[in-house]
Amino acid sequence: MSLMKDYINEAENDLLHTYNRYPVVFDHGEGVRLFDIEGKSYLDFVSGIAVFALGYGNKAYNDALKSQIDKIIHTSNYYYNVPAIEAAKAVKKVSGMDRVFFTNSGAEAVEGAIKTARKYAYLKDGRTDHEIIAMEHSFHGRTFGALSVTGNPKYREAFEPMIGNIRFARYNDLESVKALVNDKTCAVILETVQGEGGIHPATEEFLKGIRALCDEHDMLMILDEIQCGMGRTGEYFAWQRFGVKPDVMTSAKALGCGVPVGAFMMTEKVGQHSLVAGDHGTTYGGNPLGGAAICEVIRQFEEKDIPGHVKTTGEYLYKRLDEVAAKHSDIIEHRGVGFMQGLEFDHPVADIINRALEKGVVLINAGTNILRILPPLVVEKSDIDEMIDILEQVI
Ligand SMILES: Cc1ncc(COP(=O)(O)O)c(C=O)c1O
């Protein structure tokens, strides 16, 4: 038996089986390539599901983390620390939001956003029966609040009851949102580009419509930018493509490029009328190591103009995937923007992904029939050509 098979067998004995994993054990990476423990190289078009944006083995990033580790990794949110203060400043600069709360994951950022919305509404009318409108086919994470606003019944069913008072509208269908608004509605939450639900970008009209609706009823517009944010669509955050600013937004994944961090941010108005001392907390969120990661990620994004690179190279990716879609009648639709694109097939894509992996290209699905393309944000046109060659072979 190979070393890899041995490890996979051990994993299947010891780890809780909550994932159907692909048969590979990765060991290290360089740029846009991953290497397994037997030395085979793979071109990565998943980036750890939209996380490792900067490419593997990034020396400046590694050095920034090492130097912070040598200084101090953790203190507590009862004290100030410079990396978190600098990180908050950097996040504010690229997001245009005013107040930041750091978390350890995306789901936890969504929890914070939901609590913010409920508290904002509670302070206005003292009611405790507020409703939130979420979207069908959305994905916001696996903790209870995040799961409650996740519009895929398959993920929720066995764990009912959810947190309650959540209504689901149809994505990109403003009338279906309007139909659910009543005097108890305190927020509308949506991904600016739906990721797990199959790579569906919100239309400009839909986002602007929700903004107007939220303004009209003093409800909070919450945009989940955990997957589509941090440069992936060619702007720091996907809503910046349309200039529709949310009241509250979430980020995670590429925000720390692998160090587990997230954040929920809000406008000053919401910050002044929602969570106060004692309302919310975290042991690890915003610790010096996480703060150092965020600072270095944003520093490199600015230095290298990563969003600009995604904008231009993402158009190339779009063109190449369009060519693929035109050639294959089993591809129903090609969707997406920047480095967040999807090909919807009329059959499951697991075989395509497995064959690509054998040939040294890492791809992933979204749902059963959608092939999701989420490369590190530093891929070049030549990497895209290489991926497309293999994709053509395995389709
Ligand atoms: C849009 C969106 N929100 C929330 C989450 C949950 O993030 P995490 O897995 O870090 O809890 C994800 C993860 O895929 C996501 O794509």
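Values in this document were obtained by computation on a predicted structure and should not be read as measured data.

Definitions and cut-offs
- Residues numbered from 1 in each chain as written.
- Predicted model: local features only at pLDDT ≥ 70, side-chain atom pairs only at ≥ 80, totals over all residues.
- Heavy atoms only, no water.
- Helix = DSSP H or I, 4+ residues; strand = E, 2+ residues; numbered from the N terminus.
- Rg over C-alpha atoms; globule rule 2.2 N^0.38 Å.
- Buried < 20%, exposed > 50% of the residue type's maximum accessible area, 1.4 Å probe, protein only.
- Contact = heavy atoms within 4.5 Å.
- Areas by Shrake-Rupley, 256 points an atom, 1.4 Å probe, with all protein chains shown as cover.
- Lys, Arg positive; Asp, Glu negative; His and termini not counted.
- Charge placed at Lys NZ, Arg CZ, Asp CG, Glu CD.
- Axes fitted to C-alpha atoms, helices over the stretch in contact; angles between N-to-C directions.
- Parallel < 35°, antiparallel > 145°, perpendicular 65-115°, else oblique.
- Left-handed = near helix turned anticlockwise from the far one by under 90°.
- Nonpolar A, V, L, I, M, F, W, Y, C, P; charged D, E, K, R; others polar.
- Pairing = 2+ DSSP bridges.
- Near = heavy atom within 4 Å.
- Polar contact = N/O pair within 3.5 Å; in protein donor to acceptor, adjacent residues only side chain to side chain.
- Salt bridge = Lys/Arg side-chain N within 4 Å of Asp/Glu carboxyl O.

Asker: How should the overall build of the protein chain be read in this particular structure?
Answerer: Secondary structure summary: the protein chain contains 14 helices and 17 strands in total. A globule of 395 residues ought to have a C-alpha radius of gyration of about 21 Å, and the protein chain, at 21 Å, matches this closely. Structurally, the protein chain occupies a C-alpha span of about 65 × 55 × 45 Å along its principal axes. Counting the 395 residues in the protein chain, one finds 53% classified as buried. Expressed as a percentage of contacts within the protein chain between residues at least 6 apart in sequence, the contacts between residues at least 24 apart total 70%. Carbon and sulfur atoms make up 52% of the accessible area of the protein chain, which amounts to about 17500 Å² in all. Within the protein chain, the 56 negative side-chain charges are centred at a point lying 4 Å from the centre of the 41 positive side-chain charges.

Asker: Looking at this model, I keep getting lost on the packing of helix H13 (residues 350–358) against helix H14 (residues 381–394). Mind explaining?
Answerer: For any two helices packed against each other, one specifies the inter-axial angle together with the distance between the axes. Contact pair H13 / H14: the axes reach a minimum separation of 9 Å and the direction vectors enclose 125°. Compared by their axis directions, H13 and H14 come out oblique. Both H13 and H14 take part in a crossing whose hand is right-handed. When H13 is examined against H14, the residues Ile-352, Arg-355 and Ala-356 are found in contact with a partner set consisting of Ile-390, Leu-391 and Val-394. A per-class count over the contact of H13 with H14 returns five nonpolar, no polar and one charged.

Asker: Quick question: what am I supposed to make of the sheet that holds strand E2 (residues 33–36) here?
Answerer: To summarise the sheet geometry, strands pair through backbone hydrogen bonds and adopt either a parallel or an antiparallel arrangement. Strand order in the open sheet made by the four strands is E1-E2-E3-E15, with mixed pairing throughout. Only two strands of the sheet have a single partner each, and these edge strands are strand E1 (26–30) and strand E15 (361–362). Two strands pair when backbone bridges link them, and strand E3 (residues 41–44) and E15 are joined in this way by two bridges, in the parallel orientation. Within E15, the residue paired with Asp-44 across the bridge is Val-362. H14 rests against E2, E3 and E15 of the sheet, and its axis sits at about 105° to E3.

Asker: Explain the site of the ligand to me, please; I cannot follow it from the model alone.
Answerer: In the region of the ligand, the neighbouring residues are Ser-105, Gly-106, Ala-107, Phe-139, His-140, Gly-141, Glu-191, Glu-196, Asp-224, Ile-226, Gln-227 and Lys-253. The contact in question runs from an oxygen atom of the ligand to an N or O atom on the side chain of Gln-227, over 2.8 Å. The separation between an oxygen atom of the ligand and a polar side-chain atom of Lys-253 is 3.2 Å. For the ligand, the accessible surface in isolation is 390 Å², of which the surrounding protein chains cover 81%. Split into classes, the residues belonging to the shell around the ligand amount to three nonpolar, five polar and four charged.

Asker: So what exactly am I meant to see when it comes to the pattern of salt bridges here?
Answerer: Where side chains of opposite charge bring their charged atoms close, a pairing between them can arise. Following the criterion strictly, the structure yields 28 salt bridges and no others. For Lys-124, the salt bridge goes to Asp-218, with nearest N and O atoms at 3.1 Å. Taken together, the residues span a long stretch of sequence, with Lys-124 in helix H5 (residues 106–125) and Asp-218 in the loop between helix H9 (204–217) and strand E10 (220–224) at a distance of 94 residues. Assessed through its relative accessible area of 26%, Asp-218 is described here as partly exposed. Measuring nitrogen to oxygen at the nearest pair gives 2.7 Å for the salt bridge that ties Asp-385 to Arg-320.

Asker: Quick question: what am I supposed to make of the environment of Pro-83 here?
Answerer: Checked against the element boundaries, Pro-83 lands in helix H4 (residues 82–95). On the basis of relative accessibility, which here comes to 13%, the residue Pro-83 falls in the buried class. The spacing of Pro-83 and Trp-239 is 156 residues in sequence and 27 Å in space, taken between C-alpha atoms.

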